[in-house]
Amino acid sequence: MFNLFIRRPVLSLVISLIIVLLGVIALLKIPVTQFPDIVPP
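Here goes a summary of the coordinates provided. (Residues numbered from 1 in each chain as written. Predicted model: local features only at pLDDT ≥ 70, side-chain atom pairs only at ≥ 80, totals over all residues. Heavy atoms only, no water.)

1. Overview of the overall build of the protein
Turning to step 1, where the next piece is worked out: Of regular secondary structure, the protein possesses two helices and zero strands.
Turning to step 2, where the next piece is worked out: The dimensions of the protein, computed from C-alpha atoms along their principal axes, are 50 × 25 × 15 Å.
Turning to step 3, where the next piece is worked out: Only carbon and sulfur atoms are counted for the fraction: they give 76% of the accessible area of the protein, which is about 4,300 Å². (Helix = DSSP H or I, 4+ residues; strand = E, 2+ residues; numbered from the N terminus. Areas by Shrake-Rupley, 256 points an atom, 1.4 Å probe, with all protein chains shown as cover.)

2. A few points about the environment of Ile30
Turning to step 1, where the next piece is worked out: Along the chain, the position of Ile30 falls in the segment after helix 2 (9-29).
Turning to step 2, where the next piece is worked out: The exposure class assigned to Ile30 is partly exposed, which follows from its relative accessible area of 35%.
Turning to step 3, where the next piece is worked out: Put simply, Ile30 and Asn3 are 27 residues apart on the chain and 36 Å apart in space, counted from C-alpha to C-alpha. (Buried < 20%, exposed > 50% of the residue type's maximum accessible area, 1.4 Å probe, protein only.)

3. Regarding a nonpolar patch on the surface
Turning to step 1, where the next piece is worked out: Taken together, the side chains of Val10, Val14, Ile18, Leu21, Leu22 and Ile25 present a nonpolar region at the surface, about 560 Å² in accessible area.
Turning to step 2, where the next piece is worked out: Assignment of secondary structure puts Ile18 in helix 2.
Turning to step 3, where the next piece is worked out: On the accessibility criterion, Ile18 (46% relative accessible area) is partly exposed. (Patch = residues over 30% accessible without salt bridge, like charges linked within 9 Å, V, L, I, M, F, W, Y side chains within 5 Å. Salt bridge = Lys/Arg side-chain N within 4 Å of Asp/Glu carboxyl O.)

4. Brief notes about the environment of Arg7
Turning to step 1, where the next piece is worked out: Tracing the backbone through its elements, the reader meets Arg7 in helix 1 (residues 2-7).
Turning to step 2, where the next piece is worked out: For Arg7, a relative accessible area of 62% translates into the label exposed.
Turning to step 3, where the next piece is worked out: Note: C-alpha distance between Arg7 and Ile30 (23 residues apart in sequence) is 37 Å.

This is the structure:
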């Protein structure tokens, strides 16, 4: 499995970018009510 990513570094870059893009999309889709209220100490 790792040999595939060593032989094809562009494939690993594309997979990493897809994961990051999905994370950004998920972060933008989270409703604001999901975040806790931060009270200063």
